[in-house]
Amino acid sequence: MLDSIIEVVKSWPSEWCLEANKWAIQVLGGSGYVHDYPVEQLYRDNRLNMIHEGTAGVHANTLLGRKLRDGRAAPLFAQMRASAAAADEEAAALPPDSRAESALLRELAGSLREAVARAESVTEVLTSDEARPVALVNAHEYLNLVGHTVVGWMWLRLATAAARPPPPPPGAGAPRHEICRKKKKL
């Protein structure tokens, strides 16, 4: 599955981190360009990432032209849908006093399902034999679509993990004699 998104992993952050840095400079106004703030250094460093990782156009053409053709995107999209289902299950298992968290997790899972459906539909159209002559013209925008969807997927996985109650500390709740017996075995 990683093979199907390696171009996204390389190109999407280099482009969108630069965009985030651009807005950070914008927030600081003229001060964003001076050495007093680390934003100007971050912008310069992230600008180089686009060069280090190769051109986004080449990655986009590879993603759409080779990697996700012939149904190879299906496992990726299936994994994303499975994460949305897991988030729904986690939301249902939350205690009643966590209604807001449960509703938010369900909302995020629904948003991911919508994004996956959109990405699947666009993938189907752009990888069809009829669209092949003109599909690569849209490859960069397709890379952005898949990249945003992958990031949404990762955020949902993080939100699902964060919603889980922390596990009890080791040995908590075990009778004292059980703990002593385990120590003797060591």
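Residues numbered from 1 in each chain as written. Predicted model: local features only at pLDDT ≥ 70, side-chain atom pairs only at ≥ 80, totals over all residues. Heavy atoms only, no water.

Novice: How should I be thinking about the overall build of the protein chain in this particular structure?
Specialist: Secondary structure summary: the protein chain contains eight helices and zero strands in total. Expressed as a percentage of the 186 residues in the protein chain, the buried residues total 33%. Put simply, 76% of the contacts in the protein chain that link residues at least 6 apart link residues at least 24 apart. For the protein chain, the exposed surface amounts to about 11800 Å²; the carbon and sulfur share of it is 60%. (Helix = DSSP H or I, 4+ residues; strand = E, 2+ residues; numbered from the N terminus. Buried < 20%, exposed > 50% of the residue type's maximum accessible area, 1.4 Å probe, protein only. Contact = heavy atoms within 4.5 Å. Areas by Shrake-Rupley, 256 points an atom, 1.4 Å probe, with all protein chains shown as cover.)

Novice: Teacher, can you tell me more about a nonpolar patch on the surface here?
Specialist: A contiguous nonpolar surface patch, about 330 Å² in accessible area, is contributed by V27, L28, V34 and Y37. Assignment of secondary structure puts L28 in helix α1 (residues 2-28). Looking at L28, the relative accessible area reads 30%, which means it is partly exposed. (Patch = residues over 30% accessible without salt bridge, like charges linked within 9 Å, V, L, I, M, F, W, Y side chains within 5 Å. Salt bridge = Lys/Arg side-chain N within 4 Å of Asp/Glu carboxyl O.)

Novice: Could you clarify how one ought to interpret the packing of helix α4 (residues 74-93) against helix α7 (residues 139-163) in this entry?
Specialist: Packed helix pairs are specified by the crossing angle of their axes together with the interaxial distance, meaning the distance between the axes. For the pair α4 and α7, the least separation of the axes is 10 Å and the interaxial angle reads 30 degrees. Here α4 lies roughly parallel to α7, going by the angle between them. The element α4 and its partner α7 pack so that their crossing is left-handed. When α4 is examined against α7, the residues L76, Q79, M80, S83, A84, A86, A87 and E90 are found in contact with a partner set consisting of T149, V150, W153, L156, R157, T160 and A163. Across the contact of α4 with α7, the residue classes tally to nine nonpolar, four polar and two charged. (Axes fitted to C-alpha atoms, helices over the stretch in contact; angles between N-to-C directions. Parallel < 35°, antiparallel > 145°, perpendicular 65-115°, else oblique. Left-handed = near helix turned anticlockwise from the far one by under 90°. Nonpolar A, V, L, I, M, F, W, Y, C, P; charged D, E, K, R; others polar.)

Novice: Help me out: how do you make sense of the packing of helix α5 (residues 99-126) against α7 in this one?
Specialist: Between α5 and α7, the least distance of the axes is 10 Å, while the angle of their chain directions is 155 degrees. Taken together, the axes of α5 and α7 lie roughly antiparallel to each other. Of the two possible hands of crossing, α5 and α7 adopt the one that is left-handed. Seen from α5, the contacting residues are L105, L108, A109, L112, A115, V116, R118, A119, V122, T123 and L126; seen from α7, they are Y142, L145, T149, G152, W153, L156, A159, T160 and A163. The residue makeup of the contact of α5 with α7, split by class, is 15 nonpolar, four polar and one charged.

Novice: Explain the nonpolar core to me, please; I cannot follow it from the model alone.
Specialist: As a rule of thumb, nonpolar side chains are buried together in soluble globular proteins. Ranked by size, the top nonpolar core spans 30 residues in total, and within it V8, L63, M80, L112, Y142, V150 and L156 carry the most contacts. The contacts of M80, once residues within four sequence positions are left out, are L112, V116, T149, V150 and W153. (Core = buried A, V, L, I, M, F, W, Y, C linked by side-chain atoms within 4.5 Å.)

Novice: Please explain the pattern of salt bridges as it appears in this structure.
Specialist: A side chain with one charge may pair with a side chain of the opposite charge, provided their charged atoms come close. With the rule as written, the count across this model stands at seven salt bridges. For D88, the salt bridge goes to R113, with nearest N and O atoms at 2.7 Å. Placement of the pair is D88 in helix α4 and R113 in helix α5, with a sequence separation of 25 residues. Under the relative-accessibility criterion, D88 is labelled partly exposed at 22%. Overall, R113 belongs to the partly exposed group, its relative accessible area being 34%. Note that E90 is salt-bridged to R164, the shortest N-O span being 3.2 Å. Taken together, the residues span a long stretch of sequence, with E90 in helix α4 and R164 in the loop between α7 and α8 (176-185) at a distance of 74 residues. On the accessibility criterion, E90 (15% relative accessible area) is buried. Judged by its relative accessible area of 44%, R164 falls in the partly exposed class.

Novice: Explanation requested: α5 in the structure shown.
Specialist: Residue pairs spaced three or four apart in an α-helix point in one direction, given the helix's 3.6 residues per turn. The end-to-end C-alpha distance of α5 is 40 Å, a good match for the 40 Å that 28 residues give at a rise of 1.5 Å each. Those residues of α5 that are buried are in contact with α3 (56-67), α4, α6 (132-135) and α7. (Expected span 1.5 Å × (residues − 1).)

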